[in-house]
Amino acid sequence: MAETHVLFVEDDDVIREATQLALERDGFVVTAMPDGLLGLEAFRRDRPDIALLDVMVPGLDGVSLCRRIRDESTVPVIMLSARADSIDVVLGLEAGADDYVTKPFDGAVLVARIRAVLRRFGHAAGSGAGGGETAEGSEGGVLVFGDLEVDTEGMEVRKGGEQVGLTPTEMRLLLEFSSAPGTVLSRDKLLERVWDYGWGGDTRVVDVHVQRLRTKVGQDRIETVRGFGYKLRA
């Protein structure tokens, strides 16, 4: 089995070295960088399997680095922040991060979150894909909702005939919606199915990703059901 290569960008020497050692003990190959500019160079040079980015790093902050990475790749990104306030969390997620972890963190929890992200990136079809039977049409694994086409086998999405670029997390989220069009899915259920959380998670992760998905597939395609969750309009 190929080793998983982690890019870790953290300016605190103690945290960087301790986390690198912990990840390496768990079998990861780690490239650790103290600032965002060196992190961007390492990303372009090494093409890691996943990036862990601290929000507050010199040179190029973590949110800006995430945007630069997302412009070039769909590689999974987890943001690390010493604060759990909404600004840090939302900015990171809006920049294209797939998840976030608040510092100080337990090494075992971080490893679990990394593996959860990698599992869903390695299995983009998701557990709910292909289960729906109420789409307008389905042919050869393609579900059709108005001008939106979801190819559940080829993992492609088209809107008005034009291909839509989704990250793997956005694709899994859309697959969950398209597997049960018209059915309200709660934030907790989406956290469980898309983010592989077997425990309570921050529902802001869901809300921001739904907003990102709406900008790509149509603002009216995913409806908010206040107090309950979201549903896909068939």
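Thresholds, definitions, all that
- Residues numbered from 1 in each chain as written.
- Predicted model: local features only at pLDDT ≥ 70, side-chain atom pairs only at ≥ 80, totals over all residues.
- Heavy atoms only, no water.
- Helix = DSSP H or I, 4+ residues; strand = E, 2+ residues; numbered from the N terminus.
- Buried < 20%, exposed > 50% of the residue type's maximum accessible area, 1.4 Å probe, protein only.
- Contact = heavy atoms within 4.5 Å.
- Areas by Shrake-Rupley, 256 points an atom, 1.4 Å probe, with all protein chains shown as cover.
- Axes fitted to C-alpha atoms, helices over the stretch in contact; angles between N-to-C directions.
- Parallel < 35°, antiparallel > 145°, perpendicular 65-115°, else oblique.
- Left-handed = near helix turned anticlockwise from the far one by under 90°.
- Nonpolar A, V, L, I, M, F, W, Y, C, P; charged D, E, K, R; others polar.
- Arc of directions from axis to C-beta.
- Polar contact = N/O pair within 3.5 Å; in protein donor to acceptor, adjacent residues only side chain to side chain.

Asks: Outline the overall build of the protein chain, listing residues and values.
Replies: Scanning the protein chain for helices and strands turns up eight helices and 12 strands. Going through the 234 residues of the protein chain one by one, you find that 49% of them count as buried. Taking the intrachain contacts of the protein chain between residues at least 6 apart in sequence as the baseline, contacts between residues at least 24 apart amount to 59%. Total accessible area on the protein chain stands at roughly 10700 Å², and carbon and sulfur atoms take up 49% of it.

Asks: So what's going on with the packing of helix α2 (residues 36-46) against helix α3 (residues 62-72)? Residues and values would help.
Replies: Packed helices, taken two at a time, are described by the angle their axes make and the gap between the axes. At their nearest, the axes of α2 and α3 sit 10 Å apart, and the two run at 20 degrees to each other. By the angle between their directions, the pair α2 and α3 is classed as roughly parallel. As for the relative orientation of α2 and α3, their crossing is right-handed in sense. Here G36, L40, F43 and R44 of α2 lie close against α3, whose contacting residues are L65, R68, I69 and E72. Residue classes in the contact of α2 with α3 are distributed as four nonpolar, one polar and three charged.

Asks: Tell me about α3, residues and numbers included.
Replies: For the α-helix, the turn length of 3.6 residues means that residues three or four positions removed from each other point alike. Those residues of α3 that sit buried are G62, V63, L65, C66, I69 and R70. One side of α3 holds all its buried residues, which, seen down the axis, span an arc of 155 degrees. At the N-terminal end of α3, a side-chain oxygen is found 3.0 Å from the backbone nitrogen of V63, two or three residues along, and the residue is D61.

Asks: Any details on the environment of T102? Residues and values, ideally.
Replies: One can find T102 in strand β5 (residues 99-102). You can call T102 partly exposed: its relative accessible area is 27%. C-alpha of T102 to C-alpha of V89: the two residues are 13 residues apart in sequence and 9.2 Å apart in space.

Asks: Hey, could you go over the side chain of R70 for me, with residue numbers and the actual values?
Replies: Relative to the helices and strands, R70 is located in helix α3. Separated by 3.0 Å, the side chain of R70 and the backbone oxygen of V75 make a polar contact.

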